[in-house]
Amino acid sequence: MLVLGIESTCDETAVALVESGKTILSNIIYSQSEEHEKYGGVVPELASRKHLDVIIPVLKEALEKANKTLDDIDLVAAARGPGLMGALLIGLNVAKSLSLALNKPFVGVNHSEAHLYASMMPNAPEKFPCLGVLLSGGHTALVHIDEKRRYRILGTTVDDAIGEAFDKVASLLGYPYPGGPFVENLALDGDPYKYSFNAGQVKKNPLDFSFSGLKTNVLYTIKGQNNNKARDPLSEQEKHDIAASFQRAAFSDVVNKTLLALDKTPYNALILGGGVTSSRTLKKMFSEALPDLPQFWPTKALATDNAAMIAGLAFHQFKNEADSLHLKASPRIPHLI
Ligand code: KG4
Ligand code: ZN
């Protein structure tokens, strides 16, 4: 079954063709990050307009790369949320229009669930339940995944998403959006224990995350309390040390909370997903902390936002049923349902 997937939840316009949930024939991604770079983050209105400009050329490129025509498609899918409303509407309406015009079924998928599916696309774990670790610009969650691949959130962020915190720290250090890879590179030459940064702990649920205090701590270290800029500009070494100490605090918090979840339930494997999981540093920390537990990591192309994960998950979802063309965009659906 050939599935055409569309992703437009944030600032990537992406179209992919995937055969039977597994074989990627094409995976075209137009990243708008240059458009948003100067604003230090994604501007929703600009994102919607850019999606509109590029989605048809991206669709054509995906078909050409796969050497297929619209008539070859068996199922049309798009991300239905969570994400930016205006951005979601573009991808969703293109998918619905294609479904109507081609007389082929339509499925709307949960973007966060698709991030976790991305790691299971080439090889699924043999045994469930598994523990999902979702770390991205818009999502942070520990997730129970059962035999039927149903999801239950064990912990999520009470304030900022982890990728958002990386982006903010990068911007404070003078680097453009998206800042995660810059922080990772800076940290390579820094002392991770130079600053005693720590992520927040949430009393009500020890598996929840909180990164806003950590972010503020970095801000005060760079600009002085009350933002008064009383201190001298940072030296290059200080930048490296701040990046390394921040990254150590954020990632050790994720690893520790993962270990806590594993204490309670003996999961069979870890399934990691989302843009932040493209960090080699994080991967190293997880393999050192859990050398014996099978870990499923997404390839670089499938870690950040892409449409192959949407088409792949849609194939499995369609086995249950197709969606109505009245399906609404859901900017705030729970990250996993
Ligand atoms: O999954 P994604 O493309 O978008 C969302 O669905 O949110 O993730 C993008 C996020 C950005 O915040 C980016 O800074 C972060 O992933 N990121 C990283 C790294 N590479 C990307 N964060 C930390 N270290 C990295 N190497
Ligand atoms: Zn995403």
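This section reports on the structure supplied with the text.

Reading guide: rules and limits
Residues numbered from 1 in each chain as written. Chains lettered and ligands numbered in written order. Predicted model: local features only at pLDDT ≥ 70, side-chain atom pairs only at ≥ 80, totals over all residues. Heavy atoms only, no water. Helix = DSSP H or I, 4+ residues; strand = E, 2+ residues; numbered from the N terminus. Rg over C-alpha atoms; globule rule 2.2 N^0.38 Å. Buried < 20%, exposed > 50% of the residue type's maximum accessible area, 1.4 Å probe, protein only. Contact = heavy atoms within 4.5 Å. Lys, Arg positive; Asp, Glu negative; His and termini not counted. Charge placed at Lys NZ, Arg CZ, Asp CG, Glu CD. Core = buried A, V, L, I, M, F, W, Y, C linked by side-chain atoms within 4.5 Å. Expected span 1.5 Å × (residues − 1). Pairing = 2+ DSSP bridges. Axes fitted to C-alpha atoms, helices over the stretch in contact; angles between N-to-C directions. Parallel < 35°, antiparallel > 145°, perpendicular 65-115°, else oblique. Left-handed = near helix turned anticlockwise from the far one by under 90°. Nonpolar A, V, L, I, M, F, W, Y, C, P; charged D, E, K, R; others polar. Near = heavy atom within 4 Å. Polar contact = N/O pair within 3.5 Å; in protein donor to acceptor, adjacent residues only side chain to side chain. Areas by Shrake-Rupley, 256 points an atom, 1.4 Å probe, with all protein chains shown as cover. 1 Å grid on protein atoms, 1.4 Å probe; cavity = no way out; pocket = protein on both sides within 12 Å on 5 of 7 lines; lining within 4 Å. Sits in = over half its atoms within 2 Å of the grid points. Salt bridge = Lys/Arg side-chain N within 4 Å of Asp/Glu carboxyl O. Points joined across faces, edges and corners; volume = space filled by probe spheres on them.

### Some remarks on the overall build of the chain
Secondary structure assignment for the chain yields eleven helices and ten strands. A compact globule built from 337 residues should have a C-alpha radius of gyration of about 20 Å, and the chain, at 20 Å, falls within 12% of that. Viewed in the frame of its principal axes, the chain has a C-alpha envelope of about 65 × 45 × 35 Å. Taking all 337 residues of the chain together, 54% fall into the buried category. In the chain, of all internal contacts separated by at least 6 residues, the share reaching a separation of at least 24 is 73%. Charge-centre separation for the chain: the mean point of 34 positive side chains lies 4 Å from the mean point of 37 negative side chains.

### Considering the nonpolar core
Ranked by internal contacts, the top residues of the largest apolar core, which has 45 residues, are Ile162, Phe246 and Phe286. Those elements that provide at least two residues to this core are strand 6 (130-135), helix 5 (162-172), helix 6 (180-187), helix 7 (212-223), helix 8 (236-264), strand 9 (270-273) and helix 9 (280-289). Of all the elements, helix 8 adds the most residues to this core, at eleven residues. Membership of the second largest hydrophobic core comes to 26 residues, among which are Leu2, Val15, Leu59 and Ala329.

### Structural notes on helix 2 (residues 44-66)
If you check helix 2, its first and last C-alpha atoms are 31 Å apart, about what 23 residues at 1.5 Å a residue would give, namely 33 Å. The set of residues buried in helix 2 consists of Ala47, Ser48, Lys50, His51, Val54, Ile55, Val58, Leu59, Ala62, Leu63 and Ala66. Residues of helix 2 that are buried sit in contact with strand 1 (2-7), strand 2 (12-19), strand 3 (23-31), helix 1 (33-37) and helix 3 (85-102). Positioned one or two residues after helix 2, Asn67 has a phi angle of 60°, which is positive.

### A look at the sheet that holds strand 3
Read across the open sheet, the five strands follow the order 3-2-1-4-5; overall the sheet is mixed. Unpaired on one side and paired on the other, strand 3 and strand 5 (106-110) mark the two borders of the sheet. On average, adjacent strands in this sheet sit at an angle of 20° to one another, irrespective of strand direction. With six bridges joining them, strand 1 and strand 2 adopt antiparallel strand pairing. Bridge pairing in strand 2 links Val3 to Val18. Its contacts with the sheet place helix 2 against strand 1, strand 2 and strand 3, and it is angled at close to 25° to strand 2. Contacts from helix 11 (residues 308-320) reach strand 1, strand 2, strand 3, strand 4 (75-81) and strand 5, with the element oriented near 115° to strand 5.

### Quick look at the packing of helix 6 against helix 8
As a packed pair, helix 6 and helix 8 sit with axes 7 Å apart at the nearest point and diverge in direction by 110°. By the angle class used here, helix 6 and helix 8 are roughly perpendicular. Crossing handedness for the pair helix 6 and helix 8: left-handed. Here helix 6 contributes Val183, Glu184, Leu186 and Ala187 to the contact with helix 8, which in turn contributes Lys239, His240, Ala243, Ala244, Phe246 and Gln247. Of the residues in the contact of helix 6 with helix 8, the class split is six nonpolar, two polar and two charged.

### Structural notes on the site of ligand 1
Contacts to ligand 1 come from 22 residues, most closely from Ser136, Gly137, Asp167, Glu184 and Asp305. Here an oxygen atom of ligand 1 sits 2.9 Å away from a polar atom, N or O, in the main chain of Gly137. A distance of 2.9 Å is found between an oxygen atom of ligand 1 and a side-chain nitrogen or oxygen belonging to Asp305. Here ligand 1, which alone exposes 560 Å², has 92% of that area covered by the protein. Among the detected pockets, ligand 1 sits in the largest pocket. Mapped onto the shell around ligand 1, the elements with two or more residues apiece are helix 4 (111-120), helix 5 and helix 6. Considering only residue class, the shell around ligand 1 consists of five nonpolar, 14 polar and three charged.

### Focus: the side chain of Glu12
For Glu12, the position within the fold is in strand 2. The charged side chain of Glu12 is buried without a salt bridge, its nearest counter-charge being Lys300 at 12 Å. Not counting the four nearest positions on each side in its chain, Glu12 is found in contact with Glu7, Ile29, Tyr30, Ser31, His51 and Asp305.

### Points about the layout of surface pockets
By volume, the largest pocket amounts to about 1200 Å³. Lining the largest pocket are 44 residues, and of these Ser136, Gly137, Gly138, Asp167 and Tyr177 lie nearest its centre. Secondary-structure elements contributing two or more residues to the lining of the largest pocket are helix 4, helix 5, helix 6 and helix 8. When residues in the lining of the largest pocket are grouped by element, the largest group, five residues, is from helix 5. For the lining of the largest pocket, the residue count by class is 13 nonpolar, 21 polar and ten charged. There is about 500 Å³ of room inside the second largest pocket. In terms of lining, the second largest pocket is formed by 18 residues, of which the most central are Glu113, Arg149, Leu313, Gln317 and Asn320. Only strand 5, helix 4 and helix 11 provide two or more residues apiece to the lining of the second largest pocket. Ranked by the residues each element gives to the lining of the second largest pocket, the list is headed by helix 11, at five residues. Residues that form the lining of the second largest pocket fall into these classes: six nonpolar, five polar and seven charged.

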